[in-house]
Amino acid sequence: MDQGATNRVYKFSEIIADPAIGACWQKVRKYFFLRESTYDMSNRCNIRCEGCYYFNGEKQFAKENLNVSDWKHLMEGEKERGITFVVLAGAEPSLVPQLCQTCYDVIPLGCIASNGLNVLPREIDYRIHISVWGNDQTSLEIRKAKDMLARQMVNYQDDPRAVWVYTFTPVNIDQAREVTELLAANGQQITFNMFSSPVGYSGHLRHTPETLAHTRATMSELLAEFPQTVLFSPYNIVAHTHTRGLHDLFSCSYPRMNPSTAIGLGRSFRQYRTDLQWDRAAACCVPDTDCDDCRHYAAGSAVVTARMYRHATDPTTFSAWLDYVDTYLAVWVRGYEKSAPLCKQLIEPPDLVES
Amino acid sequence: MNTDISQTITRIAEIIINELKLEDVTPETFDADLDLIDEVGVDSMDLATIALVLRDEYGIRIDEDDYPKLTTIRIIAEYIDNKLKSDD
Ligand code: SF4
(Lines give C-alpha, C1' and ligand atoms only; values in the text may rest on other atoms or scores of the structure.)
Protein backbone atom coordinates (compact mmCIF):
# COMPACT_ATOMS: atom_id res chain seq x y z
CA MET A 1 0.00 0.00 0.00
CA ASP A 2 1.91 2.99 -1.24
CA GLN A 3 0.37 6.38 -0.75
CA GLY A 4 0.69 8.40 -3.90
CA ALA A 5 2.53 5.63 -5.72
CA THR A 6 0.08 6.10 -8.53
CA ASN A 7 -2.41 8.81 -9.32
CA ARG A 8 -5.10 6.21 -9.57
CA VAL A 9 -8.53 7.36 -8.42
CA TYR A 10 -10.05 4.79 -6.09
CA LYS A 11 -13.71 4.24 -5.49
CA PHE A 12 -14.62 4.01 -1.83
CA SER A 13 -16.11 0.58 -2.48
CA GLU A 14 -12.74 -0.56 -3.86
CA ILE A 15 -10.90 0.72 -0.80
CA ILE A 16 -13.15 -1.09 1.67
CA ALA A 17 -13.15 -4.25 -0.47
CA ASP A 18 -9.73 -4.99 1.00
CA PRO A 19 -10.60 -7.52 3.75
CA ALA A 20 -8.48 -5.92 6.49
CA ILE A 21 -9.63 -2.40 5.66
CA GLY A 22 -13.24 -3.51 5.32
CA ALA A 23 -13.16 -5.27 8.70
CA CYS A 24 -11.72 -2.23 10.45
CA TRP A 25 -14.21 0.07 8.71
CA GLN A 26 -17.11 -2.08 9.93
CA LYS A 27 -15.57 -2.17 13.40
CA VAL A 28 -15.20 1.59 13.81
CA ARG A 29 -18.36 2.72 12.06
CA LYS A 30 -20.44 1.08 14.80
CA TYR A 31 -19.29 3.99 16.96
CA PHE A 32 -20.34 6.79 14.65
CA PHE A 33 -23.25 7.39 17.02
CA LEU A 34 -20.87 8.93 19.58
CA ARG A 35 -21.61 12.62 20.14
CA GLU A 36 -19.50 14.25 22.79
CA SER A 37 -19.58 17.22 25.04
CA THR A 38 -17.25 18.13 27.90
CA TYR A 39 -17.87 19.29 31.42
CA ASP A 40 -15.70 21.00 34.01
CA MET A 41 -16.66 19.27 37.23
CA SER A 42 -14.92 21.24 39.96
CA ASN A 43 -12.84 24.39 40.13
CA ARG A 44 -10.51 22.76 42.63
CA CYS A 45 -7.51 20.49 42.27
CA ASN A 46 -5.36 18.67 44.81
CA ILE A 47 -2.18 19.73 42.99
CA ARG A 48 -1.19 22.68 40.81
CA CYS A 49 0.77 21.98 37.61
CA GLU A 50 2.70 24.48 35.56
CA GLY A 51 0.90 24.97 32.22
CA CYS A 52 -2.36 23.32 33.41
CA TYR A 53 -5.03 23.94 30.80
CA TYR A 54 -7.74 24.46 33.44
CA PHE A 55 -6.10 27.28 35.34
CA ASN A 56 -5.86 29.47 32.26
CA GLY A 57 -8.50 31.90 31.06
CA GLU A 58 -11.91 32.66 32.54
CA LYS A 59 -13.33 29.21 33.18
CA GLN A 60 -11.37 28.71 36.41
CA PHE A 61 -13.41 31.55 37.99
CA ALA A 62 -16.81 29.99 37.29
CA LYS A 63 -18.77 29.20 40.43
CA GLU A 64 -18.81 25.54 41.40
CA ASN A 65 -22.19 23.83 41.35
CA LEU A 66 -22.19 20.82 43.66
CA ASN A 67 -25.91 20.21 43.48
CA VAL A 68 -26.50 16.63 42.37
CA SER A 69 -30.02 17.31 41.11
CA ASP A 70 -28.80 20.22 38.98
CA TRP A 71 -26.24 17.90 37.39
CA LYS A 72 -28.85 15.20 36.90
CA HIS A 73 -31.09 17.72 35.21
CA LEU A 74 -28.20 18.89 33.01
CA MET A 75 -27.33 15.33 31.98
CA GLU A 76 -30.92 14.47 31.18
CA GLY A 77 -31.06 17.54 28.95
CA GLU A 78 -27.80 16.53 27.30
CA LYS A 79 -29.12 13.05 26.61
CA GLU A 80 -32.29 14.57 25.22
CA ARG A 81 -30.35 16.67 22.72
CA GLY A 82 -28.41 13.64 21.52
CA ILE A 83 -25.20 13.63 23.56
CA THR A 84 -24.00 10.03 23.92
CA PHE A 85 -20.48 10.54 25.29
CA VAL A 86 -19.34 12.81 28.12
CA VAL A 87 -15.83 13.96 28.93
CA LEU A 88 -15.53 14.99 32.57
CA ALA A 89 -12.52 17.19 33.06
CA GLY A 90 -11.25 20.27 34.97
CA ALA A 91 -10.05 20.84 37.40
CA GLU A 92 -9.96 17.47 39.21
CA PRO A 93 -13.14 15.38 38.81
CA SER A 94 -12.14 12.83 41.45
CA LEU A 95 -12.83 15.53 44.08
CA VAL A 96 -16.53 15.33 43.17
CA PRO A 97 -17.21 11.59 42.68
CA GLN A 98 -20.91 12.04 43.43
CA LEU A 99 -21.23 14.31 40.37
CA CYS A 100 -19.29 11.86 38.19
CA GLN A 101 -21.63 9.10 39.35
CA THR A 102 -24.64 11.26 38.49
CA CYS A 103 -23.31 11.76 34.96
CA TYR A 104 -22.61 8.03 34.61
CA ASP A 105 -26.10 7.11 35.76
CA VAL A 106 -27.62 9.15 32.93
CA ILE A 107 -25.04 8.81 30.12
CA PRO A 108 -23.06 5.57 30.53
CA LEU A 109 -20.35 6.25 27.94
CA GLY A 110 -17.62 8.67 28.79
CA CYS A 111 -14.21 9.47 30.09
CA ILE A 112 -12.77 11.22 33.12
CA ALA A 113 -9.52 13.19 33.01
CA SER A 114 -7.82 12.84 36.37
CA ASN A 115 -4.40 13.24 37.94
CA GLY A 116 -4.89 9.76 39.41
CA LEU A 117 -4.07 10.68 43.01
CA ASN A 118 -7.59 9.79 44.20
CA VAL A 119 -9.24 6.56 43.14
CA LEU A 120 -12.60 7.00 41.46
CA PRO A 121 -15.20 4.45 42.61
CA ARG A 122 -15.35 1.39 40.36
CA GLU A 123 -19.08 1.87 39.85
CA ILE A 124 -18.26 4.81 37.59
CA ASP A 125 -17.32 2.68 34.61
CA TYR A 126 -15.96 5.40 32.36
CA ARG A 127 -12.52 5.36 30.78
CA ILE A 128 -10.13 7.17 33.13
CA HIS A 129 -7.30 9.22 31.64
CA ILE A 130 -4.49 9.65 34.12
CA SER A 131 -2.18 12.53 33.35
CA VAL A 132 1.58 12.06 33.41
CA TRP A 133 4.05 14.79 32.55
CA GLY A 134 7.40 13.04 32.90
CA ASN A 135 9.12 10.89 35.46
CA ASP A 136 8.55 11.39 39.17
CA GLN A 137 11.40 13.85 39.51
CA THR A 138 9.92 16.06 36.80
CA SER A 139 6.44 15.68 38.31
CA LEU A 140 7.81 16.87 41.62
CA GLU A 141 9.26 19.93 39.91
CA ILE A 142 6.31 20.95 37.75
CA ARG A 143 3.37 19.39 39.60
CA LYS A 144 4.73 19.65 43.14
CA ALA A 145 3.58 16.11 43.84
CA LYS A 146 5.83 13.36 45.20
CA ASP A 147 5.99 9.84 43.72
CA MET A 148 3.22 10.73 41.32
CA LEU A 149 3.50 7.81 38.89
CA ALA A 150 4.09 5.29 41.65
CA ARG A 151 0.95 6.45 43.46
CA GLN A 152 -1.13 6.51 40.27
CA MET A 153 -0.03 2.97 39.43
CA VAL A 154 -0.99 1.66 42.86
CA ASN A 155 -4.33 3.48 42.77
CA TYR A 156 -5.25 2.07 39.37
CA GLN A 157 -3.55 -1.32 39.55
CA ASP A 158 -5.53 -3.94 37.55
CA ASP A 159 -8.14 -1.34 36.70
CA PRO A 160 -9.23 -1.73 33.06
CA ARG A 161 -10.67 1.80 33.06
CA ALA A 162 -7.24 3.40 33.32
CA VAL A 163 -5.02 4.69 30.56
CA TRP A 164 -2.09 7.00 31.23
CA VAL A 165 -1.81 10.08 29.05
CA TYR A 166 1.79 11.19 28.67
CA THR A 167 2.05 14.84 27.72
CA PHE A 168 5.23 15.49 25.78
CA THR A 169 6.84 18.82 26.52
CA PRO A 170 10.23 19.92 25.18
CA VAL A 171 11.82 19.00 28.51
CA ASN A 172 10.47 15.50 29.17
CA ILE A 173 10.79 13.72 25.82
CA ASP A 174 13.45 11.29 26.95
CA GLN A 175 11.56 10.41 30.13
CA ALA A 176 8.72 8.84 28.14
CA ARG A 177 10.73 5.63 27.83
CA GLU A 178 11.14 5.23 31.58
CA VAL A 179 7.42 5.85 32.16
CA THR A 180 6.36 3.49 29.35
CA GLU A 181 8.66 0.73 30.62
CA LEU A 182 7.23 1.01 34.13
CA LEU A 183 3.65 0.88 32.87
CA ALA A 184 4.43 -2.01 30.52
CA ALA A 185 6.02 -4.00 33.35
CA ASN A 186 2.89 -3.40 35.38
CA GLY A 187 0.47 -4.40 32.59
CA GLN A 188 -0.92 -0.89 32.21
CA GLN A 189 -1.49 1.23 29.10
CA ILE A 190 -0.37 4.62 27.88
CA THR A 191 -1.26 7.03 25.12
CA PHE A 192 0.44 10.22 24.05
CA ASN A 193 -0.49 13.88 24.22
CA MET A 194 1.39 16.99 23.14
CA PHE A 195 1.78 20.11 25.22
CA SER A 196 -0.22 22.74 23.36
CA SER A 197 0.36 26.30 24.43
CA PRO A 198 -2.38 28.32 26.08
CA VAL A 199 -3.21 31.57 24.25
CA GLY A 200 -0.38 34.05 24.81
CA TYR A 201 2.05 31.47 26.20
CA SER A 202 5.59 31.67 24.87
CA GLY A 203 7.42 29.85 27.66
CA HIS A 204 9.88 26.98 27.49
CA LEU A 205 7.19 24.30 27.22
CA ARG A 206 6.14 25.42 23.73
CA HIS A 207 7.31 22.91 21.13
CA THR A 208 9.76 23.82 18.37
CA PRO A 209 10.41 22.01 15.06
CA GLU A 210 13.35 20.28 16.76
CA THR A 211 11.37 19.07 19.77
CA LEU A 212 8.54 17.93 17.49
CA ALA A 213 10.99 15.83 15.48
CA HIS A 214 12.56 14.43 18.65
CA THR A 215 9.09 13.58 20.01
CA ARG A 216 8.17 11.91 16.72
CA ALA A 217 11.24 9.69 16.85
CA THR A 218 10.62 8.80 20.50
CA MET A 219 6.95 7.97 19.95
CA SER A 220 7.87 5.79 16.97
CA GLU A 221 10.41 3.83 19.00
CA LEU A 222 8.04 3.31 21.91
CA LEU A 223 5.13 2.28 19.69
CA ALA A 224 7.35 -0.28 17.93
CA GLU A 225 8.78 -1.67 21.17
CA PHE A 226 5.62 -1.69 23.30
CA PRO A 227 2.70 -2.36 20.95
CA GLN A 228 0.54 -3.83 23.73
CA THR A 229 1.18 -0.94 26.09
CA VAL A 230 1.14 2.08 23.79
CA LEU A 231 -2.28 3.05 22.45
CA PHE A 232 -1.19 5.04 19.42
CA SER A 233 -0.63 4.52 15.69
CA PRO A 234 1.87 5.79 13.12
CA TYR A 235 -0.75 8.23 11.82
CA ASN A 236 -1.38 9.54 15.34
CA ILE A 237 2.34 10.26 15.49
CA VAL A 238 2.22 12.18 12.21
CA ALA A 239 -0.87 14.19 13.11
CA HIS A 240 0.37 15.21 16.55
CA THR A 241 4.02 15.94 15.82
CA HIS A 242 3.59 17.74 12.51
CA THR A 243 5.07 21.22 12.30
CA ARG A 244 1.61 22.36 11.23
CA GLY A 245 -0.91 22.19 14.08
CA LEU A 246 -4.15 20.21 14.00
CA HIS A 247 -6.29 23.14 12.92
CA ASP A 248 -3.98 23.99 10.06
CA LEU A 249 -3.86 20.36 8.93
CA PHE A 250 -7.46 19.33 9.36
CA SER A 251 -9.51 22.49 9.85
CA CYS A 252 -10.87 22.20 13.38
CA SER A 253 -14.58 21.50 13.58
CA TYR A 254 -15.15 22.53 17.21
CA PRO A 255 -17.55 25.48 17.62
CA ARG A 256 -14.74 27.81 18.68
CA MET A 257 -13.24 27.58 15.18
CA ASN A 258 -16.32 26.59 13.23
CA PRO A 259 -19.17 29.06 12.68
CA SER A 260 -21.54 26.44 11.26
CA THR A 261 -24.21 25.13 13.62
CA ALA A 262 -25.72 22.88 10.96
CA ILE A 263 -24.12 19.51 11.66
CA GLY A 264 -21.45 17.64 13.61
CA LEU A 265 -19.44 19.20 16.42
CA GLY A 266 -20.45 22.71 15.36
CA ARG A 267 -24.02 21.76 16.08
CA SER A 268 -23.87 19.53 19.14
CA PHE A 269 -20.64 20.15 21.05
CA ARG A 270 -20.71 22.18 24.24
CA GLN A 271 -18.09 22.78 26.88
CA TYR A 272 -19.78 23.37 30.22
CA ARG A 273 -18.02 25.21 32.98
CA THR A 274 -18.49 24.37 36.67
CA ASP A 275 -21.45 26.77 36.87
CA LEU A 276 -23.18 24.66 34.18
CA GLN A 277 -23.02 27.50 31.65
CA TRP A 278 -21.36 27.30 28.26
CA ASP A 279 -20.21 29.78 25.66
CA ARG A 280 -20.16 28.86 21.98
CA ALA A 281 -17.29 31.25 21.28
CA ALA A 282 -15.06 29.32 23.70
CA ALA A 283 -16.39 25.82 23.01
CA CYS A 284 -13.77 23.21 22.31
CA CYS A 285 -12.22 20.38 24.28
CA VAL A 286 -9.27 22.58 25.31
CA PRO A 287 -10.58 26.15 25.60
CA ASP A 288 -7.84 28.77 26.07
CA THR A 289 -5.41 26.74 23.97
CA ASP A 290 -3.74 28.59 21.11
CA CYS A 291 -5.30 27.06 17.97
CA ASP A 292 -2.07 27.59 16.00
CA ASP A 293 -0.20 25.41 18.50
CA CYS A 294 -2.96 22.88 19.15
CA ARG A 295 -1.77 19.27 18.97
CA HIS A 296 -3.81 18.10 21.92
CA TYR A 297 -4.85 14.45 21.95
CA ALA A 298 -8.47 15.26 22.73
CA ALA A 299 -8.61 17.77 19.89
CA GLY A 300 -7.21 15.27 17.41
CA SER A 301 -9.71 12.65 18.50
CA ALA A 302 -12.49 14.82 17.15
CA VAL A 303 -10.74 16.83 14.46
CA VAL A 304 -8.94 14.02 12.60
CA THR A 305 -11.81 11.59 13.09
CA ALA A 306 -14.28 14.04 11.53
CA ARG A 307 -12.25 14.19 8.32
CA MET A 308 -13.09 10.78 6.91
CA TYR A 309 -14.03 11.96 3.44
CA ARG A 310 -10.70 13.55 2.64
CA HIS A 311 -8.84 10.42 3.76
CA ALA A 312 -10.87 8.11 1.50
CA THR A 313 -8.58 8.67 -1.47
CA ASP A 314 -6.57 5.46 -1.56
CA PRO A 315 -6.14 2.35 0.59
CA THR A 316 -3.07 3.64 2.43
CA THR A 317 -4.49 7.00 3.41
CA PHE A 318 -7.79 5.47 4.45
CA SER A 319 -5.97 2.80 6.47
CA ALA A 320 -4.08 5.51 8.30
CA TRP A 321 -7.35 7.26 9.12
CA LEU A 322 -8.89 3.97 10.30
CA ASP A 323 -5.88 3.41 12.57
CA TYR A 324 -6.40 6.86 14.03
CA VAL A 325 -10.10 6.21 14.71
CA ASP A 326 -9.38 2.74 16.09
CA THR A 327 -6.84 4.30 18.46
CA TYR A 328 -9.26 7.05 19.44
CA LEU A 329 -11.94 4.50 20.34
CA ALA A 330 -9.49 2.33 22.30
CA VAL A 331 -8.32 5.34 24.29
CA TRP A 332 -11.76 6.81 24.98
CA VAL A 333 -14.34 4.01 25.05
CA ARG A 334 -14.41 1.37 27.81
CA GLY A 335 -14.16 -2.15 26.45
CA TYR A 336 -13.09 -1.21 22.92
CA GLU A 337 -10.08 -3.28 21.86
CA LYS A 338 -7.49 -1.72 19.59
CA SER A 339 -6.33 -3.64 16.51
CA ALA A 340 -2.80 -3.70 15.08
CA PRO A 341 -2.23 -0.74 12.74
CA LEU A 342 -3.10 -1.27 9.08
CA CYS A 343 -0.69 1.42 7.91
CA LYS A 344 2.77 1.14 9.42
CA GLN A 345 4.31 4.01 7.47
CA LEU A 346 4.35 7.65 8.52
CA ILE A 347 2.26 9.18 5.75
CA GLU A 348 1.49 12.84 5.12
CA PRO A 349 -2.08 14.00 5.83
CA PRO A 350 -4.12 14.73 2.70
CA ASP A 351 -4.17 18.34 1.66
CA LEU A 352 -6.70 20.65 3.18
CA VAL A 353 -7.80 21.77 -0.24
CA GLU A 354 -8.91 18.85 -2.30
CA SER A 355 -7.89 18.72 -5.91
CA MET B 1 -25.01 8.59 -16.26
CA ASN B 2 -28.44 9.40 -14.87
CA THR B 3 -29.15 13.10 -14.58
CA ASP B 4 -32.90 12.89 -14.15
CA ILE B 5 -33.61 14.51 -10.79
CA SER B 6 -36.43 12.25 -9.69
CA GLN B 7 -34.35 9.17 -10.36
CA THR B 8 -31.47 10.76 -8.50
CA ILE B 9 -33.77 11.44 -5.56
CA THR B 10 -34.89 7.80 -5.45
CA ARG B 11 -31.32 6.57 -5.68
CA ILE B 12 -30.14 8.86 -2.88
CA ALA B 13 -33.04 7.70 -0.73
CA GLU B 14 -32.01 4.12 -1.41
CA ILE B 15 -28.41 4.84 -0.42
CA ILE B 16 -29.46 6.60 2.79
CA ILE B 17 -31.85 3.79 3.76
CA ASN B 18 -29.11 1.29 3.08
CA GLU B 19 -26.27 3.06 4.86
CA LEU B 20 -28.33 4.11 7.88
CA LYS B 21 -30.29 0.85 8.01
CA LEU B 22 -33.54 2.79 8.16
CA GLU B 23 -36.72 0.82 8.60
CA ASP B 24 -40.35 1.69 7.83
CA VAL B 25 -39.41 3.72 4.78
CA THR B 26 -38.77 2.84 1.14
CA PRO B 27 -37.01 4.86 -1.58
CA GLU B 28 -40.45 5.64 -2.99
CA THR B 29 -41.99 6.79 0.29
CA PHE B 30 -38.95 8.75 1.57
CA ASP B 31 -39.96 12.42 1.69
CA ALA B 32 -37.31 14.23 -0.37
CA ASP B 33 -37.88 17.42 1.62
CA LEU B 34 -37.45 15.89 5.06
CA ASP B 35 -34.64 17.55 7.00
CA LEU B 36 -32.03 14.80 7.18
CA ILE B 37 -30.33 16.22 10.24
CA ASP B 38 -33.29 17.33 12.34
CA GLU B 39 -35.88 14.80 11.24
CA VAL B 40 -33.89 11.71 10.23
CA GLY B 41 -31.01 12.08 12.70
CA VAL B 42 -28.19 12.05 10.14
CA ASP B 43 -24.88 13.25 11.64
CA SER B 44 -21.64 14.38 10.03
CA MET B 45 -20.10 10.90 9.89
CA ASP B 46 -23.27 9.51 8.29
CA LEU B 47 -23.18 12.31 5.78
CA ALA B 48 -19.51 11.67 5.01
CA THR B 49 -20.32 7.99 4.41
CA ILE B 50 -23.25 8.89 2.16
CA ALA B 51 -21.03 11.40 0.32
CA LEU B 52 -18.49 8.65 -0.39
CA VAL B 53 -21.13 6.31 -1.77
CA LEU B 54 -22.47 9.16 -3.93
CA ARG B 55 -18.93 9.91 -5.10
CA ASP B 56 -18.62 6.30 -6.26
CA GLU B 57 -21.99 6.34 -7.94
CA TYR B 58 -21.91 9.71 -9.70
CA GLY B 59 -18.19 10.37 -9.96
CA ILE B 60 -18.51 13.74 -8.24
CA ARG B 61 -16.62 15.17 -5.30
CA ILE B 62 -18.68 16.55 -2.44
CA ASP B 63 -16.65 19.18 -0.61
CA GLU B 64 -16.59 18.81 3.17
CA ASP B 65 -17.48 22.49 3.46
CA ASP B 66 -20.72 21.81 1.59
CA TYR B 67 -22.06 19.25 4.09
CA PRO B 68 -23.96 21.84 6.15
CA LYS B 69 -25.93 22.82 3.06
CA LEU B 70 -26.97 19.27 2.20
CA THR B 71 -29.99 19.09 4.45
CA THR B 72 -32.54 17.23 2.32
CA ILE B 73 -32.50 14.56 -0.35
CA ARG B 74 -33.82 17.06 -2.88
CA ILE B 75 -30.99 19.49 -2.11
CA ILE B 76 -28.43 16.69 -2.46
CA ALA B 77 -29.99 15.65 -5.78
CA GLU B 78 -29.82 19.24 -7.05
CA TYR B 79 -26.24 19.53 -5.82
CA ILE B 80 -25.30 16.39 -7.76
CA ASP B 81 -27.18 17.61 -10.81
CA ASN B 82 -25.31 20.93 -10.74
CA LYS B 83 -21.96 19.20 -10.31
CA LEU B 84 -22.65 16.88 -13.22
CA LYS B 85 -23.71 19.80 -15.41
CA SER B 86 -20.64 21.83 -14.51
CA ASP B 87 -18.45 18.82 -15.35
CA ASP B 88 -20.03 18.54 -18.81
S1 SF4 C 1 -7.62 24.79 20.65
FE2 SF4 C 1 -7.56 23.02 19.24
S3 SF4 C 1 -9.50 21.95 19.54
FE4 SF4 C 1 -9.73 24.01 20.41
S5 SF4 C 1 -10.65 25.23 18.76
FE6 SF4 C 1 -8.41 25.50 18.66
S7 SF4 C 1 -7.69 23.94 17.18
FE8 SF4 C 1 -9.79 23.39 17.83
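Computed from a predicted model, the values in this text were never measured in an experiment.

> Could you give an account of the site of the ligand, with specific residues and numbers?
Residue and element names in this part refer to chain A. The ligand sits among H247, C252, Y254, R256, M257, C284, V286, T289, C291, C294 and A299. Among the cavities detected, the one that contains the ligand is the second largest cavity. Along the lines of polarity and charge, the residues of the shell around the ligand split into 8 nonpolar, 2 polar and 1 charged.

> Before we move on, can you summarise the packing of aromatic side chains with the specific residues and values?
Where two aromatic rings form a pair, the distance of their centres and the angle of their planes describe that pair. Residues and elements named next belong to chain A. In the structure shown here, the tally under the stated rule is 20 aromatic pairs over all chains. Ring centres 5.2 Å apart and planes at 80° place the aromatic pair F168 and F192 in the edge-to-face group. In this pair, F168 is assigned in strand 5 (residues 162-168) and F192 in strand 6 (residues 190-194), connecting sequence segments 24 residues apart. Overall, F192 belongs to the buried group, its relative accessible area being 1%. Aromatic pair Y297 and W332: ring centres 5.4 Å apart, planes at 25°, arrangement stacked. Highlighted residues: Y297 in helix 12 (residues 297-303) and W332 in helix 14 (residues 315-332), separated in sequence by 35 residues. On the basis of relative accessible area, W332 is assigned to the buried category, the value being 6%. These aromatic residues form a ring-pair network of at least three members: F12, W25, F32, F318 and W321.

> Any details on the pairing of strand 1 (residues 36-40) of chain A? Residues and values, ideally.
Residues and elements named next belong to chain A. Taken across its 5 residues, strand 1 has 5 buried, putting it largely inside the fold. Burial along strand 1 is two-sided: the residues E36, T38 and D40 and S37 and Y39 are all buried. Inspection of the sheet shows strand 1 paired to strand 2 (residues 85-89) by 5 bridges, in the parallel sense. Its bridge partner lying in strand 2, S37 is registered against V86. The handedness of the strand 1 to strand 2 crossover, carried by helix 3 (residues 68-80), is right-handed. Two strands pair when backbone bridges link them, and strand 1 and strand 7 (residues 271-272) are joined in this way by 2 bridges, in the parallel orientation. What sits directly across from T38, in strand 7, is Q271.

The rules behind each value
Residues numbered from 1 in each chain as written. Chains lettered and ligands numbered in written order. Predicted model: local features only at pLDDT ≥ 70, side-chain atom pairs only at ≥ 80, totals over all residues. Heavy atoms only, no water. Near = heavy atom within 4 Å. 1 Å grid on protein atoms, 1.4 Å probe; cavity = no way out; pocket = protein on both sides within 12 Å on 5 of 7 lines; lining within 4 Å. Sits in = over half its atoms within 2 Å of the grid points. Nonpolar A, V, L, I, M, F, W, Y, C, P; charged D, E, K, R; others polar. Phe/Tyr/Trp six-rings, centres within 6.5 Å; stacked < 30°, edge-to-face > 60°. Helix = DSSP H or I, 4+ residues; strand = E, 2+ residues; numbered from the N terminus. Buried < 20%, exposed > 50% of the residue type's maximum accessible area, 1.4 Å probe, protein only. Pairing = 2+ DSSP bridges. Right-handed = clockwise from strand over helix to strand, strands pointing away.

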